[in-house]
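# Inside the fold
The chain contents come next:
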Amino acid sequence: MRGLPSAISQPQTLANLAAFIAAADDSPPPPPPGETCAVDEDPMQPIALQRLSKRQYTNTLRDLLRMQLSTANANAVFAEIEPLLAQIPDDNVSHGFASFDQSVSASHVEGWFNVAWTIANEITSSSSLLVDFVGESCATNSSDASCRERFIQSFGARALRHPLSAQELAFYRTPTSYRDLVTQLLVAPGILPACIDSS
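Residues numbered from 1 in each chain as written. Predicted model: local features only at pLDDT ≥ 70, side-chain atom pairs only at ≥ 80, totals over all residues. Heavy atoms only, no water.

### Description of the packing of helix α2 (residues 54-68) against helix α4 (residues 106-124)
At a closest axis distance of 13 Å, the pairing of α2 and α4 adopts a crossing angle of 15 degrees. Judged by the inter-axis angle, α2 sits roughly parallel to α4. Considering only the axes of α2 and α4, their crossing is right-handed. Where α2 abuts α4, its residues Y57, L61 and L65 lie against W112, V115, I119 and I123. For the contact of α2 with α4, a count of residues per class yields 7 nonpolar, no polar and no charged. (Axes fitted to C-alpha atoms, helices over the stretch in contact; angles between N-to-C directions. Helix = DSSP H or I, 4+ residues; strand = E, 2+ residues; numbered from the N terminus. Parallel < 35°, antiparallel > 145°, perpendicular 65-115°, else oblique. Left-handed = near helix turned anticlockwise from the far one by under 90°. Contact = heavy atoms within 4.5 Å. Nonpolar A, V, L, I, M, F, W, Y, C, P; charged D, E, K, R; others polar.)

### Details of the nonpolar core
Ranked by size, the top nonpolar core spans 43 residues in total, and within it Y57, L61, V115, I119 and L186 carry the most contacts. For this core, the secondary-structure elements that each account for two or more residues are α2, α3 (71-87), α4, α5 (127-134), α6 (136-140), α7 (145-160), α8 (166-172) and α9 (178-186). Those residues within four positions of Y57 in sequence are excluded, and the remaining contacts are L52, L85, I88, W112, V115 and L192. (Core = buried A, V, L, I, M, F, W, Y, C linked by side-chain atoms within 4.5 Å. Buried < 20%, exposed > 50% of the residue type's maximum accessible area, 1.4 Å probe, protein only.)

### Looking at empty space enclosed by the protein
Taken as a whole, this structure holds 2 cavities of 30 Å³ or more when the rule is applied. In this structure, the largest cavity spans a volume of roughly 50 Å³. Looking at the largest cavity, the residues that line it are R51, L52, S53, K54, Y57, I88, P89, D91, H108 and W112. Looking at the lining of the largest cavity, the elements with two or more residues in it are α2 and α4. Of the residues belonging to the lining of the largest cavity, the class tally is 5 nonpolar, 2 polar and 3 charged. If you add up the space inside the second largest cavity, you get close to 40 Å³. Lining the second largest cavity are L61, L64, L65, I119, F133, F155 and L186. The element contributing the most residues to the lining of the second largest cavity is α2, with 3 residues. Classifying every residue of the lining of the second largest cavity by side-chain character gives 7 nonpolar, no polar and no charged. (1 Å grid on protein atoms, 1.4 Å probe; cavity = no way out; pocket = protein on both sides within 12 Å on 5 of 7 lines; lining within 4 Å. Points joined across faces, edges and corners; volume = space filled by probe spheres on them.)

### Examining α3
If you check α3, its first and last C-alpha atoms are 25 Å apart, about what 17 residues at 1.5 Å a residue would give, namely 24 Å. The sharpest bend along α3 measures roughly 40 degrees and falls at I81, with the proline P83 sitting one to four residues further on. Within α3 the residues assigned to the buried category are A74, V77, F78, I81, L84 and L85. Buried-residue contacts for α3 involve α2, α4 and α5. (Expected span 1.5 Å × (residues − 1). Bend = angle between axes of the 7 residues up to and from the residue.)

Now the structure itself:
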């Protein structure tokens, strides 16, 4: 696993995490079993969020990697982040459910950032992994705007669990490299919380 950057040097990424923490303080309880929540017409507007449990977060990352990469490559990248996942605080179990623990500490924030950055760095530091992740044409021409747009729309929808709005697309066009883009998507407020109905 390569060295991690200073989280302080990533103000835009940490701003996403700060938004999540602020929203998490006012999160309502989980919805009844079987109840689904509709995507808000404007996903960029503030909504009440419920933090994923550590197990849910781990499974989400594993699923995203396996959807985007071959099984062997996904397992190799996941092996790199396992030590970092272990450093994220465990959830306190209440009434048999870890998801009731909605506390967010500096250790959570640092852990989420380190995991996201390591995934992005592992993928973009290997030409074969990058080809597997974004496709050969996009990997060989990283400045191709149409390639990046397709990637933002497809991977962004998987990571954030909804088609990206025009505002979100504009926001994720800002990063200048696939490493920064993947990092931003993996610490977005849309990936860290579970979907809940705030109505």
